[in-house]
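So the chains spell out like this:
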Amino acid sequence: MGFARACSVALVGVEGVVVEVQADLEPGVAAFTLVGLPDKSLVESRDRVRAAVVNSGGEWPQKKLTVGLSPASVPKGGSGFDLAVACAVLGAAERIDPRQIADLVLIGELGLDGRVRPVRGVLPAVLAAAEAGYEHVVVPEQTAGEAALVPGVSVLGVRSLRQLIAVLADEPVPDEEPVEPGRPDAMLAGLLVPGAGVGTGLAVDRAHGDGPDLADVAGQHAARTGLEVAAAGGHHLLLSGPPGAGKTMLAERLPAVLPPLSRRESLEVTAVHSVAGILPPSEPLVRTPPYCAPHHSATMQALVGGGNGLPKPGAVSLAHRGVLFLDEAPEFSGKALDALRQPLESGHVVVARSGGVVRLPARFLMVLAANPCPCGRHTLHGAGCECPASLIRRYQARLSGPLLDRVDLRIEVEPVSRSDLLGQGGRGESSATVADRVLEARQRAAARLDGTPWTVNSEVPGHELRTRWTVAPGALGAAERDVERGLLTARGLDRVLRVAWTIADLAGHDRPEAQDVALALELRTGISRGVPAVAGAAR
């Protein structure tokens, strides 16, 4: 009787569980049994592994073969177990030393010719292996750079099963024919899922200045201020105004003024994108905040996550540590919009399906864009809006009160004037200039919040702002009056305090003053407070 074991990783959402792959050979009629709660794609690995071993020069054992995946209670799917199954079978057949693979984590799909094909989710799988104490992993050569992002783990990238057998058996490693320059590499087909990246990415190359620039936006000084405050403090933003005023232009330029991701944040974002199948093979680490703009016909499952079996990441997770832009927000279904309430508060989303419960990261900056009425001309003087008042009320009520209560900044985007559009007023500040101010404000907030679990002002609980970090004496007078009048809820007051701290950080104040609180109230309620709607060094 022969027995061997190797290890692989099963992904549950964006978290991994180390799975022990055990192979047992017994005398009897030749058969291959796979147990341990595998799905259809994993059951088919029996035929892939058999063909790959034979075509790699190995001999398939003509005995009763049982392969078990432990723990058996965890659902397992995908083709990433092929490499571990093949090595466990070869170890049980004594083609390779079973001790060499006992503590080795192997991730990869096998082609029928023995080539090792890349799979999605390598980074979260290697992270799970490292957290479990494993130090050596084997992955497809194309994803070795992604796996090498995890510190303290030795990574071996292989192109074929033949190469891996030679390495484990201490034999000369055969060379594999490289892909000819200019020819498409069919091995990369499993990494990028068709259609998974639609509406995501909007890559901004900070090194070369590529991508949309804030200087392209004509006028819109109040909206630019709201954009800067949102980026500095991580506050959610509502842009309302007639069509053509520049709401989408502003939202598309928000990622360029956000600070680059930290190392920890980059790993979080990369793990989500790797599982979702939108991570480019040439760029294994996402360094800039992502941008996700789903169409208004998106379902609730498309926004928060879903799918057959275990849920897959939705738009809120693809926008983790970045921007989620909902253009034509009132056109989204009420069910989909209300599903955003929980991730807006907690920074994660818990999706329960028949296949299991998955916790997905979802700490994003939300930007809503809305027209004032179905035709969009309600706020334009002399534009001829014919929408009945009842229809306008119903249209605006599609954004529910509880959802809007979680939005810190509400900006009315006015139509662009002729002088601004023709450049007579001069170009506005570039994204790089605003990004420098945003970074300085973030650094001030980080220094103040050092030693706490929070990094930006939008994350700080209200009671901490009222007791631990207080505003200047008398600065909250206007806000307290708004609470008494019912213009602000308790949550709204907390959010005004957070915005006031962000405005103070942009202006270089030690703590919010009366004008900082007044501007925060104006940005939230839309009611003029007699202060200039300018943040940062220009104040």
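What you see is a predicted model; the values in this text were computed from it and never measured. (Residues numbered from 1 in each chain as written. Predicted model: local features only at pLDDT ≥ 70, side-chain atom pairs only at ≥ 80, totals over all residues. Heavy atoms only, no water.)

Student: Would you mind showing me how to read unusual backbone geometry here?
Tutor: As a rule of thumb, non-glycine residues mostly have phi less than zero, and peptide bonds are mostly trans rather than cis. Following S70, the chain continues to P71 via a peptide bond in cis, the omega torsion being 5 degrees. With respect to the helices and strands, P71 occurs in the loop between β4 (64-70) and α3 (82-92). Positive phi, normally seen in glycine, also occurs at L37, with a value near 65 degrees. Within the secondary structure layout, L37 lies in the loop between β3 (31-35) and α1 (40-43). Looking at L37, the relative accessible area reads 46%, which means it is partly exposed. Positive phi, close to 50 degrees, is recorded for E328, a residue that is not glycine. Looking at the secondary structure, you find E328 in the loop between β12 (323-326) and α14 (334-338). The partly exposed category is assigned to E328, whose relative accessible area is 27%. (Helix = DSSP H or I, 4+ residues; strand = E, 2+ residues; numbered from the N terminus. Buried < 20%, exposed > 50% of the residue type's maximum accessible area, 1.4 Å probe, protein only.)

Student: Honestly, the sheet that holds β12 in this entry has me stumped. Any pointers?
Tutor: As a general point, the strands of a sheet are linked pairwise by backbone hydrogen bonds and lie either parallel or antiparallel. Taken in spatial order, the five strands make up an open sheet running β11-β12-β15-β10-β16, and their pairing is parallel. Edge strands, defined here as strands with exactly one partner in the open sheet, are β11 (291-292) and β16 (409-412). Relative to β16, strand β10 (residues 237-240) runs parallel, the two being bridged by four bridges. Counterpart to L237 in the pairing with β16 is L409. Against the sheet, helix α8 (residues 221-233) touches β10, β15 (365-370) and β16, its axis set at about 165 degrees to β16. (Pairing = 2+ DSSP bridges. Contact = heavy atoms within 4.5 Å. Axes fitted to C-alpha atoms, helices over the stretch in contact; angles between N-to-C directions.)

Student: Help me understand the pairing of β10 in this model?
Tutor: Along any regular strand the residues' side chains alternate between the sheet's two faces. Residues L237 and L239 point to one face of β10 and L238 and S240 to the other, with burial holding for every one of them. The pairing of β10 with β15 spans four bridges and is parallel. Bridge assignment links L237 to a residue of β15, and that residue is V367.

Student: When you look at helix α19 (residues 431-448) in this model, what are you seeing that I'm missing?
Tutor: In an α-helix there are 3.6 residues to a turn, and that puts residues three or four apart on one side. Helix length check: α19, at 18 residues, gives a terminal C-alpha distance of 26 Å against a target of 26 Å (1.5 Å per residue), a fit within 8%. Buried within α19 we find S431, V434, A435, R437, V438, A441, A445 and R448. One side of α19 carries all its buried residues, which in axial view fall inside an arc of 165 degrees. Taken together, the buried residues of α19 touch α8, α10 (254-257) and α22 (490-507). (Expected span 1.5 Å × (residues − 1). Arc of directions from axis to C-beta.)

Student: Looking at this structure, I do not really get the pattern of salt bridges. What am I missing?
Tutor: Should their charged atoms come close, side chains of opposite charge can pair. Tallied over the full model, the rule gives 27 salt bridges. A salt bridge links R524 to D405; the nearest nitrogen and oxygen atoms lie 2.8 Å apart. Residue R524 is found in helix α23 (residues 514-525), and its partner D405 is found in the loop between α17 (401-404) and β16; the two are separated by 119 residues along the sequence. In this structure, D482 and R485 form a salt bridge, with 4.0 Å as the shortest nitrogen-oxygen distance. With D482 and R485 both in helix α21 (residues 477-485) and three residues apart, this pair spans about one turn of that helix. Judged by relative accessible area, R485 falls into the exposed class, the value being 59%. (Salt bridge = Lys/Arg side-chain N within 4 Å of Asp/Glu carboxyl O.)

Student: Any chance you could explain the nonpolar core here in plain terms?
Tutor: Inside soluble globular proteins, nonpolar side chains tend to come together where they are buried. Of all hydrophobic cores here, the largest spans 55 residues; its most connected members are L237, L254, V367 and V517. In terms of residues, this core owes the most to one element, α22, which gives eight residues. The residues contacting V517, other than those within four sequence positions of it, are A475, L476, A479, V496, A500 and P512. By size, the runner-up hydrophobic cluster in this structure holds 39 residues, among which are A84, V138, V158 and L164. (Core = buried A, V, L, I, M, F, W, Y, C linked by side-chain atoms within 4.5 Å.)

Student: What exactly am I supposed to notice about the environment of E429 here?
Tutor: Of note, E429 is situated in the loop between α18 (418-421) and α19. Counting along the chain gives 309 residues from E429 to R120, while the straight-line C-alpha distance between them is 40 Å. Not counting residues up to four positions away in its chain, the partners in contact with E429 are L214, A215, R224, V434 and R437.

Student: Explain the packing of α8 against α19 here, please?
Tutor: When two helices pack together, their arrangement is given by the angle between the helix axes and the distance between those axes. The geometry of α8 relative to α19 is characterised by a closest axis approach of 8 Å and an angle of 40 degrees between their N-to-C directions. Taken together, the axes of α8 and α19 lie oblique to each other. Between α8 and α19 lies a crossing of right-handed hand. Taking contact as the criterion, the partners of E228, A231 and A232 in α8 are, on α19, V434, R437, V438, A441 and R442. Per-class residue counts for the contact of α8 with α19 are five nonpolar, no polar and three charged. (Parallel < 35°, antiparallel > 145°, perpendicular 65-115°, else oblique. Left-handed = near helix turned anticlockwise from the far one by under 90°. Nonpolar A, V, L, I, M, F, W, Y, C, P; charged D, E, K, R; others polar.)

Student: Help me out: how do you make sense of the packing of α8 against α22 in this one?
Tutor: Running from N to C, α8 and α22 point in directions that differ by 100 degrees, and their axes come no closer than 9 Å. Relative to α22, the element α8 lies roughly perpendicular. Two secondary-structure elements touch here, α8 through E228, V229, A232 and G233 and α22 through V499, T502, I503 and L506. Classifying every residue of the contact of α8 with α22 gives five nonpolar, two polar and one charged.

Student: How should a nonpolar patch on the surface be read in this particular structure?
Tutor: A cluster of nonpolar side chains, L156, V167 and V173, forms an exposed patch at the surface whose accessible area comes to about 210 Å². Looking at the element boundaries, V173 is found in the loop between α7 (161-168) and α8. (Patch = residues over 30% accessible without salt bridge, like charges linked within 9 Å, V, L, I, M, F, W, Y side chains within 5 Å. Areas by Shrake-Rupley, 256 points an atom, 1.4 Å probe, with all protein chains shown as cover.)

Student: For this particular structure, what's the right way to read the side chain of E176?
Tutor: Along the chain, the position of E176 falls in the loop between α7 and α8. A polar contact of 2.6 Å, which involves the side chain of E176, links it to the side chain of S160. There is a polar contact of 3.4 Å between the side chain of E176 and the side chain of R162. Here E176 is in contact with R159, S160, R162 and Q163, once residues within four sequence places are set aside. (Polar contact = N/O pair within 3.5 Å; in protein donor to acceptor, adjacent residues only side chain to side chain.)

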